[in-house]
Amino acid sequence: MLDLRFIRENPDEVRRAIRAKQLPDALESLEQLLLTDEEYRLLRRDLEAKQALRNANSKRIGEMKRRGEDAEALMREMSEVAGEVKHLEERGRSLEARVQELLLEIPNLPHESVPYGESEHDNVVVKEWGTPATFAFEPSPHWEIAARAGWVDLEAGVKITGAGFPLFRGPGARLVRALERFFLDRLETAGYTELVVPLMVNADSATATGQLPDKEGQMYQVSDGYYLIPTSEVAVTNLHRDEILDSEALPLKYASFSACFRREAGSYGKDVRGLNRVHQFDKVEMVQFTLPEHSYDALEAMTRTAEEMLETLGLAYRRLLMCSGDMGFTQAKKYDLEVWSPGQGRWLEVSSISNIEAFQAARLKTRARPGGVGGKGRPTPVHTLNGSALAFPRTMAAILETYQTEEGNVRVPEALRPYLGRDLLG
RNA sequence: GGAGGGUUGGCUGAGUGGUUGAAAGCGGCGGUCUUGAAAACCGUUGACGGGGCGACCCGUCCGGGGGUUCGAAUCCCUCACCCUCCGCCA
């Protein structure tokens, strides 16, 4: 969330940002927020004056009683004040709750380098790498390649659970394992600390990273009020909720492999064929906590780390700079990496790398100061970033399609051979 | 699932409903001493919000939330978490 004082002092800047992000509903929330905040602040002044009166006289009553004087009259008088205080407190609580609620509906501001745009069509391709693979035969989409030998069994998943829960078998399952090790090894080299995190989070965590209230419908909710994580970003980022970090120890760089669960309500058509979009998938995620002045360098570095994985795998890709309107609620700047899918003749998003700036950190109450929580100086904001490195199913799809042979086998990319122990799947 | 005990400042740990925002110790910071450091000694040391040009003043905060009271860290309710014992279990 944005800092309330910043919103109060820069309402026009926030209005511009909301328009750029194409979130007209938030404009209404903003106007209500400004009004409610003003009302709350006025009430607070009134309330605090009465509290001061009550405190002073309560102290006097205590002194009088100690001296054995009669305090009845003053107590009766204060009884009335207590009633007023109580009434103002109630009103104040409901106003404050409303302010918090509205504050959660205000999106993050786009960074100045983000182009204005209304939809995904306005995203900017800022880089292309590699040459799309060419074939002497008609390349198959991955679901045909994988289905032939049962490497990926979508029907089995339907029987066991439902659509969008793929089952991987034999070489397909081994490829999942190889990718996990490949990705995590690369991130270890890049200085990331590996984490294994809970797959369910509570509502506080989901709110702090921005899934609630904005994307509630995209998460599976289980009993006890928990949510299945849509990305391990949620669990990892909340590791430092309500903490003051040692600014000397920044940046903190975390890597986490996990299953991810997404309802993907409203998706249909070619987007959901095969492994293009599923409800449960594996992903290795990068998360960083940095000082504000370093976060944009970190964004570039994280993006390069993800790109280098695709380059090492020999997969053609492009980098998109997301426009203001396609960026999402919490992001200040975001790149998408899309890999070329020769069997489908289209680009598939395999990674999304974002700088959230202080937007999550404000909800998380994560700050930094030299020496950490007991250190000296004022706590300063931190910035959080996250990015996929990489999402498995579409990476797998691209590998299967890029390295397929006419006989229906799949050559193993050089970089994965140590992990798979063979040159050819088939 | 059942029974009991806990949750206090950066940490340890006191706290009879009325100068307790909170003893004491540790740690941190400043100083004395020392060639320097340590030790010892002295002093100092919470956060957030609001008001004032300012010295300052006010409010809130003792796990979260509610309540009782003129007044709550202290009493009541509720939730979360931790510990011990019993039960169950991969």
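Structural data are supplied above this passage.
All values reported here derive from a predicted model rather than from experimental measurement.

Enquirer: A description of the environment of G408 should follow, citing residues and the corresponding values.
Expert: Turning to its location among the elements, G408 is positioned in the loop between α12 (392–402) and β16 (410–411). Assessed through the 12 C-beta atoms surrounding it within 10 Å, G408 is described here as exposed. The spatial distance from the C-alpha of G408 to the C-alpha of D3 is 56 Å, given a sequence separation of 405 residues. Not counting residues within four places of it along the chain, the set of residues in contact with G408 comprises I145, R148 and G426.

Enquirer: For the sheet that holds strand β10 (residues 317–321), give the residues involved together with the corresponding values.
Expert: Pairing within the open sheet is mixed, and its eight strands lie in the order β1-β10-β11-β12-β15-β9-β8-β4. Taken across any chain shown, the strands that pair with only one partner, and hence form the sheet edges, are β1 (124–129) and β4 (193–195). Across this sheet, the average inter-strand angle for adjacent strands is 25 degrees, counted without regard to direction. Note that strand β12 (residues 346–357) and strand β15 (residues 383–391) share four bridges and pair antiparallel. Looking at β15, one finds that S354 is bridged to N386.

Enquirer: Any details on the nonpolar core? Residues and values, ideally.
Expert: In terms of nonpolar packing, the biggest core is built from 95 residues, with I106, F183, L315, V339, A389, L390 and L400 touching the most fellow members. Discounting residues that sit within four places of it in the chain, I106 has contacts with M1, L2, I7, V14, A26, S29, L30 and L33.

Enquirer: Help me get a handle on helix α3 (residues 24–66), residues and values and all.
Expert: Across its 43 residues, α3 extends 62 Å between first and last C-alpha, which sits within 8% of the 63 Å expected from 1.5 Å per residue. Close packing links the buried residues of α3 with α1 (4–9), α2 (11–20) and α4 (72–103). Two residues or fewer after α3 comes G68, characterised by a positive phi angle close to 80 degrees.

What counts, and at which threshold
Residues numbered from 1 in each chain as written. Chains lettered and ligands numbered in written order. Predicted model: local features only at pLDDT ≥ 70, side-chain atom pairs only at ≥ 80, totals over all residues. Helix = DSSP H or I, 4+ residues; strand = E, 2+ residues; numbered from the N terminus. Buried ≥ 20, exposed ≤ 12 C-beta atoms within 10 Å, placed from the backbone. Contact = placed C-beta atoms within 7 Å. Pairing = 2+ DSSP bridges. Axes fitted to C-alpha atoms, helices over the stretch in contact; angles between N-to-C directions. Core = buried A, V, L, I, M, F, W, Y, C linked by C-beta atoms within 7 Å. Expected span 1.5 Å × (residues − 1).

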